[in-house]
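An overview of the molecular structure
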Amino acid sequence: MAFHEIRFPANLSFGSVGGPERRTEVVTLANVFEERNTPWAHSRRRYDAGVGLRSLDDVETLIAFFEARAGQLHGFRWKDWSDYKSCPASKAPGPEDQLIGTGDGVARVFRLQKTYRSGEESYVRPILKPVVGTVVVAVSGDAKIESLEFTVNYQTGEITFAVAPDLDTRVTAGYEFDVAVRFDVDSIQTSVSSFQAGNVPTVPVVEIRL
């Protein structure tokens, strides 16, 4: 079992269906009140890669990708077109999009994250698979230069500064990112006649933890 640092063809994932999944345990009491709890700290995303297939060439590309990953065995990158930036979809990532930490004068390593807010509530999502060449970073609004003032581990989402940010400085970042996933089946059923009639195979993909 390994993770392959390769993205599922973005033109195929563009038409996919999917999104975040939560697990909530609901217990209804005798008085009809409920107790709700969740064993998951983070959501898990699921997609259907089959929906994006538009031609027999696409089917061939899918099968080749599936075989190279050995079915469910190896993970890979997935572009979620509905959520792949640190900023709104209509904008370009900027160095002050997301707060990723506060300097203490000692720590040089910070992890990318994305905060989702609604009202007074928020959820912080770890970002593990940033896209090469898209990460921009600032410390208290001062944009930094990659390779000179900081480096990015594009396999883990870690930012390492050459010099630790000063005490109480805001460390922010902008980026594009992929989701770490695997196929959720060990077989793909295809039929040329069915595909030409408008029936596409179901190819479930599920997010994995690394």
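The structure under discussion appears in the preceding block.
On a predicted model such as this, the values are computed, not experimentally measured, just so you know. (Residues numbered from 1 in each chain as written. Predicted model: local features only at pLDDT ≥ 70, side-chain atom pairs only at ≥ 80, totals over all residues. Heavy atoms only, no water.)

On inspection of all chains with the given rule, the structure shows 15 aromatic pairs. Look at Phe8 and Phe76: their rings are 6.2 Å apart centre to centre, the planes differ by 35°, and that puts the pair in the tilted class. Of this pair, Phe8 sits in the loop between strand S1 (3-7) and helix H1 (10-13) while Phe76 is found in strand S6 (residues 75-78), placing the two residues 68 residues apart along the sequence. Classification of Phe76 by relative accessible area gives buried; the value is 0%. Among the aromatic residues, ring-to-ring pairing joins Phe8, Tyr47, Phe65, Phe66, Phe76, Trp78 and Phe183 into one connected group. Sitting over the ring of Trp81, Lys79 keeps its end group 3.8 Å from the ring centre. In this structure, Lys79 packs its charged tip against the face of Tyr84, placed 4.3 Å from the ring centre. (Phe/Tyr/Trp six-rings, centres within 6.5 Å; stacked < 30°, edge-to-face > 60°. Helix = DSSP H or I, 4+ residues; strand = E, 2+ residues; numbered from the N terminus. Buried < 20%, exposed > 50% of the residue type's maximum accessible area, 1.4 Å probe, protein only. Lys NZ or Arg CZ within 6 Å of the ring centre and 35° of its normal.)

In spatial order, the strands read S7-S16-S12-S13; together these 4 strands make up an open sheet with antiparallel pairing. Looking at the sheet topology across the chains shown, the edges are occupied by strand S7 (98-102) and strand S13 (142-143). With 4 bridges connecting them, S7 and strand S16 (residues 170-174) associate as antiparallel partners. Its bridge partner being in S16, Leu99 is matched across the sheet by Thr172. (Pairing = 2+ DSSP bridges.)

This next bit is on the sheet that holds strand S14 (residues 150-153). As summarised here, the arrangement of the 3 strands in space is S8-S15-S14, forming an open sheet in which the pairing is antiparallel. One side of each edge strand has no neighbouring strand; the edge strands of this open sheet are strand S8 (109-111) and S14. On average, each strand axis in the sheet is tilted by 25° relative to the strand beside it, whichever way the strands run. Of the pairings in the sheet, the one linking S8 to strand S15 (residues 158-161) comprises 3 bridges and is antiparallel in character. Paired with Arg111 across the bridge in S15 is Glu158. (Axes fitted to C-alpha atoms, helices over the stretch in contact; angles between N-to-C directions.)

For the rest of this paragraph, the subject is the side chain of Thr172. Structurally, Thr172 is set in strand S16. Within polar-contact distance, the side chain of Thr172 engages the backbone oxygen of Pro95 at 2.7 Å. Those residues in contact with Thr172, other than ones at most four positions away along the chain, are Pro95, Glu96, Gln98, Leu99, Ile100, Val136, Val137 and Ala138. (Polar contact = N/O pair within 3.5 Å; in protein donor to acceptor, adjacent residues only side chain to side chain. Contact = heavy atoms within 4.5 Å.)

The next subject is unusual backbone geometry. The phi dihedral of Ser147 is positive, around 80°, even though this residue is not glycine. Inspection of the secondary structure puts Ser147 in the loop between S13 and S14. Not every positive phi belongs to a glycine, and Asp168 is a case in point at roughly 65°. When you line up the elements, Asp168 lands in the loop between S15 and S16.

In terms of strand pairing, strand S12 (residues 136-139) meets S16 through 4 bridges, oriented antiparallel. Of the residues in S16, the one forming a bridge with Val137 is Ala173. Strand direction decides the pairing type here: S12 and S13, joined by 2 bridges, are antiparallel. Looking at S13, one finds that Val139 is bridged to Asp142. From the end of S12 to the start of S13, which pair antiparallel, there are 2 residues, and Ser140 there has a positive phi angle of about 55°.

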